[in-house]
Every structure is written in structure tokens, then in C-alpha cells.
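Chain and residue survey
These are the residues of each chain, in order.
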Amino acid sequence: MASDVPELEDRARKAIEALARAETGRLLGALLRDVRDFQMAEDCLQEALESALLHWSRNGLPDSRAGWVLQAARRKAIDRFRRARNFDRKAEEYGLLIELDQQALSREEPPEIPDERLRLIFTCCHPALDSKTRVALTLRTLCGLTTREIARAFLYATEAMAQRLVRARHKITKAGIPFAIPEPDHWAERLNSVLSVIYLIFNEGYSATAGPDLLRHDLCLEAIRLGRLMLELAPGDAECEGLLALMLLNHSRAQARIDDHGRMIPLDQQDRSLWSSSEIDEGSRTLERALARRRAGLFQLQAAISALHAEATSHADTDWHQIVLLYEAMHARSDNPVYLLNRAAALSYAHGADQALEALGAVEAALGGYQPFHAARADLLRRTGQFEAARQSYRRAIELSGNESERQFLASRMAAMEQST
Amino acid sequence: MKYLALIYAAPGAGPDYGTPEFGPYMDGYRAATETYQRDGVMLAGEALQDTSTATTVRIRNGKTDTMDGPFAETKEQLGGFYLLDCANLDEAIRYAAMIPTAEHGSVEVRPIMEIE
């Protein structure tokens, strides 16, 4: 029998890892309903997972693993309250928890797990937290990534990331950030904060290339998973649909946008047969549902642009006129000059590079220190035959770039121009 | 929970006494205070004399040391506060956003420490 022990332990460890990835959000949400202290809920959950390893290695896996862990975590919380000096004062506050525990003792069935993930994600993405902190806390809490995994994905030391998470949980409790779904007045603004966090996670993964960045690429999948979760929790919300559509449509090009050496391939040179048709289908269908609600928003407009690319049979056949209009609609909603930069690029394919260069002039003051501005201008100058000016813009873009694969890409564009002249 | 809303502004950033903007600015404070009182969240609230009237006190080696000031010509200075009793941070932020100085200065919202 002794020889089975490592095998049982191995099984238990794998089951717990899978459980942590799949159910952390549900478990923490359920715990937070009773234990209002975020750090304490996290600690109790971790302790419960450790107990699970011990018990399951010895006795095999229970039927309801998540229920088992929730029950264990609640017991850990009760133990902590009982040990606390001011138990009498707290007893009232935590009466519910103790009651739940007593109910559970009289019953064999593991507890039902209430779904509090919507409250949880609004708490993790609260605007009173720094935006990097929102991203990390969401990945830790809703996606069940380990602190080490999050630290690696964001090129942070594990210890620094751990401190950031502890500080965030501490602030949530001490500053009274509510564990609540926002009121209707604030719903749109707060939802946007949640969707922006998810999109930040997606883009962090999308900007990664190959090799050591593979872990970062998984962030795209985590973001899509969160996008699906939001749609499940807030069904029928047009912007939730818009974000999911946008991520799926952009992700459909993931295989085609990086070459074997980890270099970026621009849209006009991508092999379109590598685009994922299942992601394009799902993205387009999701976007259609969103647009039918007639409540346009920035994510839907961006998704619509991505869909036009996905539907085009070639770069030249793309509906650039429509894309120009969509960027204008985005700029009307939020006067971000980057939308005008993108509009200028689309304009160059719809009406020619000369018009686009003129349009670019309007955003120079705002975007003079922004790499994509100079890359776009270099490209337009090259296309209008102004090679010396193009050279200068390429150099400026390379100077401003913070990413090796981007620098290589810009240098290769410049070299290609030199060869053709 | 109790929250202290600390009101900061750079000297000269807000409307000056005697300008047409000053009246509506003070009306904004009156309206905020009335809302706090009506909603039962107001515990205290005062405006402070400017920092030229301030005295800094320190005790070093058992000796009380007083200093004129501090003066900081350009930095945002504490100009007043409200002490509010709110259900949570969302409510505190909503009330803090009614403080007119938030439009040119800033309001720092700090939870009061509960000693257990």
C-alpha cells in the first residue's frame, strides 16, 4: 500500500491545481460573502487547499471538491475569529458564518457554492486601485493564476508582485471598497473599468511574440475566458459582447502575425489562410448580437473594425471607407488622438497617402513622442516617394520603440525601402 | 465607516474673493454641506486659515520646538476638511466629488482607523 502514497499525492496535487485554476473566483467570492476581509479570505482559501492536499492524499478525492474546500476554508475562518481577542464583538458580525458551519455539520452534503464572481470582479477592478494592481488582482482572484505566474507574465519579481497583491487586499478592506455590484448610475462607468482591465490583459499577451513570451501569450486566453465570464454574469450587455468579439477577432490572427523567428508580420503581408475561422465566426456572431442592441460603444466599434479586416479576402479588398468612418465614430466618443492616427492610416488606403499625410499633421502635436505615429508617417512618406523624410521618421520610430521585435520590424521596413530606391 | 475628506489646492488656483466666480464657488460648499446634513453623513467640516497662519510643533529631546509655517508657495496646501460617515468607499467618493475645490485642487479621501 505504501507504494500507492506518492501516486495518491500526485493525483491530489493535480486535482488541487486544476481546482485552483477553475474555481478560485467562485470560492473566494463565496468566502467574501461571509468573511469581509479580503486578505483573510485569501489566506483561509490557501490554508484550505493545503488541508485538501493532506486529506486527499490520504483518503482519495471527495465527490464535490470545491464544496469540500469551501467548507474547510469557512472552518479556517471561524477558527481565526474564535482565536481573535475581540471575539464577542465579532461574533455578531460573523454570526452568519458560524450558522453556515453549524448547518453544514448537521448534513453530509457539501455546501452549495453561491456565484459571487460579478461582485468579485467589480471589487478587483475598482477605480480606487491602481490599474496595474487591478490587472494583477483580477488574474490572481478570478483566473486563479499563481503570484509567480503573474509576476513572470509582467516581468516582475515574485516578491514585488506578492507585496502589490497584499497591499491591494489590505486597501480593499481598510478603505471600505464595497464587495458589491455598482448601482445603475455608476454601472456603465464601472463596467468600463472591468472591461478595460480585461482588454489590458489581452493586449499584454497580444504584444508578446515567441519563445520566452509564450506564458505571456496565455494572457490572451485568460482575457478571453474573462470576457466569456463577464458575458455569462452580465448577459445581454452590448459592450461585454463587443469586448469578447474584439478579442476573438484580433486573436483569430494570432498564428499569422508572428513569423518563425518571432518577428511581427503586418496585416497586409499576413497569410490569411492561417487566420482562425472558428474565432472569426464566433467573434462576428457575437458582434452582430451586440450591434443589434443599438447601444454602440468603443469596444463594439473596435470589434467592427477588426471584423472588417477578418471578412476581407485581401488587404486591398478591405472596406477602408467603412473603417475610416468607424474611427471617426470612436473619436467622437472619446477624443483620443490615437483614433485619428489609425483613421489616417485607413484613409491612406481609402483615398491615398497624400490625404493621409495631411490628416496626420493634425495629431502631430499630441502624438510627437509616440512610436506608432512616426512609424505610420514613415510609411506614408515612403509611399509618396519622400524617401529622405521617410528615413528620418523610421529612425525616430526606432528610437522611441521599447520592444526589440518592433525595432527589428521597423529596421526591415527601412531596409526594404532602401533596396527599392 | 468614517472617512476624512482632506481638501487640497494650490494657492491662487481657485476663484478669488470679490470675483464673480467666488459666489457660485461658496454656494457649492453650502450645497455640499446641506446634502451631507440632509443625508445624515456629516460629522464635521471646517475650512482652515491659510498656511501663513500655521505653526509647526515638534518635541525633540523633551524640548518643545515651534516653527513659523510651513510655507510652500506652489505646492497644494490643506485648506479644509469634512469628516463623513459613509457606508463604503463608493459613497465617500460620491460625497467627496461634491466638494467644489475638487474642480481645481484635489480631495484626498482617507478612512479613519478603527482601533479594535
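If you look chain B up in an unreviewed UniProt entry, it shows as YciI family protein from Hoeflea alexandrii. UniProt's Sequence similarities (unreviewed entry) comment on chain B is quoted here verbatim: "Belongs to the YciI family."

If you look chain A up in an unreviewed UniProt entry, it shows as RNA polymerase from Hoeflea alexandrii.

The next point concerns the overall build of chain B. The helix and strand inventory of chain B stands at two helices and six strands. Taking all 116 residues of chain B together, 26% fall into the buried category. When the accessible surface of chain B is totalled, it reaches about 7,600 Å², and 53% of it is carbon and sulfur. When the 9 positive and 18 negative side-chain charges of chain B are each reduced to one mean point, those points stand 8 Å apart.

Moving on: the pattern of salt bridges. Residue and element names in this part refer to chain A. Summed over the entire model, instances satisfying the criterion amount to 30 salt bridges over all chains. In this structure, the salt-bridge partner of Arg 377 is Glu 364, at a minimum N-O distance of 3.4 Å. Of this pair, Arg 377 sits in helix H19 (residues 371-383) while Glu 364 sits in helix H18 (residues 364-367), placing them 13 residues apart in sequence. Here Arg 377 falls in the partly exposed class, since its relative accessible area comes to 21%. The network of salt bridges with common partners includes Glu 23, Arg 26, Asp 115, Arg 117 and Glu 232.

Attention now goes to the packing of aromatic side chains. Scanning the model with the defined rule gives 11 aromatic pairs over all chains in all. Note on Phe 22 of chain B and Tyr 25 of chain B: the rings are 6.3 Å apart at their centroids and 50° apart in plane angle, and the pair reads as tilted. Residue Phe 22 of chain B and its partner Tyr 25 of chain B are located together in helix H1 (residues 22-38), separated by three residues, close to a single helical turn. Judged by its relative accessible area of 16%, Tyr 25 of chain B falls in the buried class. Summarising the aromatic geometry, the rings of Tyr 25 of chain B and Tyr 29 of chain B are spaced 5.6 Å apart at their centres and angled 90° between planes, so their arrangement reads as edge-to-face. With Tyr 25 of chain B and Tyr 29 of chain B both in helix H1 and four residues apart, the pair spans about one turn of that helix. Given a relative accessible area of 17%, Tyr 29 of chain B falls into the buried group. Linked through ring pairs, Tyr 199, Phe 202, Tyr 206 and Phe 299 of chain A together constitute an aromatic cluster. Sitting above the plane of the Tyr 206 of chain A ring, Arg 257 of chain A keeps its charged end 3.7 Å from the centroid. Seen from the ring of Tyr 95 of chain B, Arg 94 of chain B lies directly overhead, with NZ or CZ sitting 5.8 Å from the centre.

With that settled, consider helix H21 (residues 404-420) of chain A. All names here are of chain A. Counted at 1.5 Å a residue, the expected span for H21 with its 17 residues is 24 Å, and the 25 Å between its end C-alpha atoms agrees. Residues of H21 that are buried include every one of Ser 405, Phe 409, Leu 410, Arg 413, Met 414 and Met 417, and no others. Residues of H21 that are buried in the fold lie against H19 and helix H20 (387-400).

Bringing the domain arrangement of chain A into the picture now. All names here are of chain A. By domain assignment, chain A separates into domain 1 (4-105) and domain 2 (116-225). At the boundary of domain 1 with domain 2, total buried surface from both sides reaches about 1,500 Å², with 54% on carbon and sulfur atoms. For the domain 1 face of the interface with domain 2, the top three residues by lost area are Arg 21, Phe 38 and Gln 39, together amounting to 41%. The shortest N-O distance in the salt bridge between Glu 42 and Arg 169 comes to 3.8 Å. The tally of links from domain 1 across to domain 2 stands at eight residue pairs in polar contact (both at pLDDT 80 or more). Put simply, the parts of the chain that give the side of domain 1 that touches domain 2 at least two residues each are helix H1 (4-34) and helix H2 (38-59). Its residues placed into classes, the side of domain 1 that touches domain 2 shows six nonpolar, five polar and six charged.

Cut-offs applied
Residues numbered from 1 in each chain as written. Chains lettered and ligands numbered in written order. Predicted model: local features only at pLDDT ≥ 70, side-chain atom pairs only at ≥ 80, totals over all residues. Heavy atoms only, no water. UniProt positions renumbered as here; feature names shortened; annotations may be inferred. Helix = DSSP H or I, 4+ residues; strand = E, 2+ residues; numbered from the N terminus. Buried < 20%, exposed > 50% of the residue type's maximum accessible area, 1.4 Å probe, protein only. Areas by Shrake-Rupley, 256 points an atom, 1.4 Å probe, with all protein chains shown as cover. Lys, Arg positive; Asp, Glu negative; His and termini not counted. Charge placed at Lys NZ, Arg CZ, Asp CG, Glu CD. Salt bridge = Lys/Arg side-chain N within 4 Å of Asp/Glu carboxyl O. Phe/Tyr/Trp six-rings, centres within 6.5 Å; stacked < 30°, edge-to-face > 60°. Lys NZ or Arg CZ within 6 Å of the ring centre and 35° of its normal. Expected span 1.5 Å × (residues − 1). Contact = heavy atoms within 4.5 Å. Domains from an automatic or database assignment. Buried area = accessible area lost by both parts, 1.4 Å probe. Polar contact = N/O pair within 3.5 Å; in protein donor to acceptor, adjacent residues only side chain to side chain. Nonpolar A, V, L, I, M, F, W, Y, C, P; charged D, E, K, R; others polar.

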